[in-house]
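# Structural overview
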Amino acid sequence: MKNKKFIYSVIIPTVVFMFIFIVIPIGIGLAISFFNYNPLRDNNAFVGFENFVKLLKDKEFLVAMKNTFVFVFGTVFLNICLSLALAYFISRFKSNKVRSLFRMIFFLPCIAPVVATSVVFSRSIFPTDTGLLNMGLNALGLGSVNWLGDPNVLMISVIVYTLWVDVGYNIILFSAGMDGIPNHIYEASDLDNTSEFRKFFKITLPLLGRTFQFVLVQTLISHFQMFAQFSVLILKDGSKNSGLVLSRYIYKTAFEHKDMGYASAVSLVLFIIIMILSFIEQKKTQVDWEY
Amino acid sequence: MKKDIKISKMIRIVCLVVFSLLFLAPYFWMLSNSFKSTSEILLEPQHLLPTKFTLAGYIKVLTKSPFFRWLLNSLFITIIDTVVILFTSSIIGFVLSKYRFKLRKTMFYIILLTMMVPATAMMIPNFLLISTLGWYDKLIALIVPTFFNAFGIFLCKQYIDDLPKELFESAMLDNASDLKIYFKIVLPSIKPAIGSLAIFTFLALWNDYLTPLIMLNSAKNMTLPLALSFFSAQHMSDLSATMAAASLIMIPASAIFILFQNQFIKGITMSGMK
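Residues numbered from 1 in each chain as written. Chains lettered and ligands numbered in written order. Predicted model: local features only at pLDDT ≥ 70, side-chain atom pairs only at ≥ 80, totals over all residues. Heavy atoms only, no water.

When its secondary structure is counted, chain A shows 12 helices and zero strands. Along the three orthogonal principal directions, the C-alpha set of chain A runs to about 75 × 70 × 30 Å. Taken over 291 residues, chain A has a buried fraction of 56%. In chain A, of all internal contacts separated by at least 6 residues, the share reaching a separation of at least 24 is 69%. For chain A, the accessible surface area stands at approximately 13,300 Å², while carbon and sulfur atoms represent 65% of it. (Helix = DSSP H or I, 4+ residues; strand = E, 2+ residues; numbered from the N terminus. Buried < 20%, exposed > 50% of the residue type's maximum accessible area, 1.4 Å probe, protein only. Contact = heavy atoms within 4.5 Å. Areas by Shrake-Rupley, 256 points an atom, 1.4 Å probe, with all protein chains shown as cover.)

Structure (structure tokens):
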């Protein structure tokens, strides 16, 4: 097919649009990380690499960096374990209806806006006196925990919330992968009286191959960018910044302190982390497309 | 032997039921609290169900806040954007897949690259661009910049790549116009891709918090997620109203999901998207 007019009438608007709303903003973002940029000021000095040098000495940035890694690797590790286990349990049911009922329950939190569920968690699940979580702990004879007020517990609370809200996606993706594993393999192992544990590690996990890699990298990428729950759950962060992560630090620096040049330098760090992860995924998926 | 299998099956079921209850509990608690009065929520010990059922929280949200305005803002933005994204993604995917022209590959790679750029890293330049255009605190700031969706183009292109040649050959013999081929052949053949893309764009736009937070300022222009955080900050002490607002925002999407869950789940697995 070769109608030039048609090609141009689709391609030209696309290119123009991409240029205005994607290419130019990326350029602006890169450029202002070399300026001491404040949108409210008329004169913004070019400072070269000063913003990047400042990063290395900025205690808040280093705390945010550390917290981001603790949050991402902690949550993603738990998320993968939990979603693999639950997806496996679900996939072992023969009835389609039962399987979709359980998948639906675990996916339900993914549907709602993160802000809405964060508000519910911060106002009625985590509060020390009236929260559901402590009511449950007390009923089990355990003491109350100050989920959002204690800086040592804060990150755990955010991780608990994030697991609740996000595990459903991976359950669905893993379930799809597991449904692709032929049932006769399991039937054969049933005859051999293989334990569930062995079945999971010797059959399911190795045969998940590409699904596992894909889910792992995608979950890492999305968790590095998580923002809403840090903004809603953390009411008072105090001097310890125990819940400060990169995305929140960028927002705070750029929009609360109006120090956009410096915030752009932080953005670039986040951008590089995610680029590296994306390239790893591209490489892996090229090598390992099939199992 | 049989007994072992039964025991492991029991463990599996018990685990799933316990986790299911844990996962549903926040929903239950939100609904329960939304029908209690705030003084009852603060009472100790707490009751699982409201002792005195009240709609005061809901009435407060609907009368003391521009809730319907927020709902309309969200609907307006989400519907326009979803329709436009479905159109642009499929037509650009079609051109990239079936036409040969200069820079086709380059263009495709640039689109792939833009998929990797994280939204969080783009918030400052986007804000500056929107302010320069004079769109700050206007709904257009949320609508226009999302018209082209790299993931959507990518998904549609992959789908159209897989369509058999024969499908197009007869149309070519009939001398059908390009647009006719797009509407009569391409669109109907990629329905599954369009369906899952529609679900995801809709959800992503409907639930987005970061972009409205940066681009909007006045209460009347807010979308629902932003409005909820604003509302709950304003009514810090009124837990009943806050839970009612959260329920109003969460329940419609959840209900739609429960009704169409099979399509949702197919969509997620197909696009493998987050």
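A separate point is the interface of chain A and chain B. Counting from both sides, the interface comprises 91 residues of chain A and, opposite them, 92 residues of chain B. When chain A packs against chain B, close to 8,400 Å² is buried across both sides, 81% of that on carbon and sulfur atoms. Applying the counting rule to chain A against chain B returns zero salt bridges. Linking chain A with chain B are nine residue pairs in polar contact (both at pLDDT 80 or more), by the criterion used here. Examining the composition of the side of chain A that touches chain B, we find that 17 residues originate from one element, helix α1 (residues 4-32) of chain A, more than from any other. Looking at side-chain class alone, the side of chain A that touches chain B contains 64 nonpolar, 19 polar and eight charged residues. (Buried area = accessible area lost by both parts, 1.4 Å probe. Salt bridge = Lys/Arg side-chain N within 4 Å of Asp/Glu carboxyl O. Polar contact = N/O pair within 3.5 Å; in protein donor to acceptor, adjacent residues only side chain to side chain. Nonpolar A, V, L, I, M, F, W, Y, C, P; charged D, E, K, R; others polar.)

Our next topic: the pattern of salt bridges. Residues and elements named next belong to chain A. Tallied over the entire structure, the rule returns six salt bridges over all chains. As a salt-bridge pair, K252 and E60 come within 3.1 Å of each other at their nearest N and O atoms. A residue pair is termed long-range when its members are at least 10 positions apart, and K252 in helix α11 (residues 246-256) and E60 in helix α3 (residues 59-91) qualify at 192 residues. The class of K252 is buried, set by a relative accessible area of 16%. One salt bridge connects D179 with R103, and the closest N-O pair in it is separated by 3.1 Å. Of this pair, D179 sits in helix α7 (residues 151-179) while R103 sits in helix α4 (residues 96-111), placing them 76 residues apart in sequence. Assessed through its relative accessible area of 39%, D179 is described here as partly exposed.

Residues and elements named next belong to chain A. A rise of 1.5 Å per residue sets the reference length of α1, with its 29 residues, at 42 Å; its end C-alpha atoms lie 39 Å apart and thus fit the reference within 8%. The largest bend along α1 reaches roughly 40° and is located at F19. For α1, the full list of buried residues reads F6, I7, V10, I11, T14, F17, M18, F21, I22, P25, G29 and I32. (Expected span 1.5 Å × (residues − 1). Bend = angle between axes of the 7 residues up to and from the residue.)

Enumeration over the complete set of coordinates arrives at 44 aromatic pairs over all chains. Plain terms: the ring middles of F6 of chain A and Y99 of chain B are 5.5 Å apart, the flat faces sit at 45° to each other, and that makes the pair tilted. On the criterion of chain membership, the pair formed by F6 of chain A in helix α1 and Y99 of chain B in the loop between α4 (67-98) and α5 (104-116) is interchain, its members lying in two chains. The exposure class of Y99 of chain B is buried, given its relative accessible area of 0%. For the pair F35 of chain B and F53 of chain B, a centre-to-centre distance of 4.7 Å together with 20° between the ring planes defines the contact as stacked. On the criterion of sequence distance, the pair formed by F35 of chain B in the loop between α1 (2-34) and α2 (38-42) and F53 of chain B in the loop between α2 and α3 (56-64) is long-range, its members being 18 residues apart. A network of ring pairs unites the aromatic residues F6 of chain A together with F87, F94, Y99, F168, Y182 and F183 of chain B as a single cluster. Positioned above the aromatic ring of F108 of chain B, the side-chain terminus of K157 of chain B is 4.4 Å from the ring centre. (Phe/Tyr/Trp six-rings, centres within 6.5 Å; stacked < 30°, edge-to-face > 60°. Lys NZ or Arg CZ within 6 Å of the ring centre and 35° of its normal.)

All names here are of chain A. Their axes nearest at 5 Å, the elements α4 and α7 cross at an angle of 145°. Both α4 and α7 take part in a crossing whose hand is left-handed. When α4 is examined against α7, the residues R99, R103, F106, F107, P109 and C110 are found in contact with a partner set consisting of W164, V165, D166, G168, Y169, I171, I172, S175 and D179. Grouping the amino acids of the contact of α4 with α7 by side-chain chemistry returns nine nonpolar, two polar and four charged. (Axes fitted to C-alpha atoms, helices over the stretch in contact; angles between N-to-C directions. Left-handed = near helix turned anticlockwise from the far one by under 90°.)

Quick look at the packing of α3 of chain B against helix α14 (residues 239-259) of chain B now. Residues and elements named next belong to chain B. With their axes 8 Å apart at the nearest point, α3 and α14 run at an angle of 70° to one another. The orientation of α3 relative to α14 falls into the category roughly perpendicular. Across from G57, Y58, K60, V61 and L62 in α3, the residues of α14 making contact are S240, A241, A244, A245, S247 and L248. Class assignment for the residues of the contact of α3 with α14 results in seven nonpolar, three polar and one charged. (Parallel < 35°, antiparallel > 145°, perpendicular 65-115°, else oblique.)

Looking now at the environment of T146 of chain B. Residues and elements named next belong to chain B. In this fold, T146 is placed in the loop between α7 (140-143) and α8 (150-161). According to the relative accessible area criterion, T146 is partly exposed, its value standing at 26%. The spatial distance from the C-alpha of T146 to the C-alpha of K36 is 40 Å, given a sequence separation of 110 residues. Each residue touching T146, except ones within four places of it in the same chain, is listed here: D81, I85 and L205. Here I143 takes part through its backbone oxygen, which lies 2.8 Å from a polar atom of the side chain of T146.

Functional significance is not addressed by these values, which are geometric in nature.
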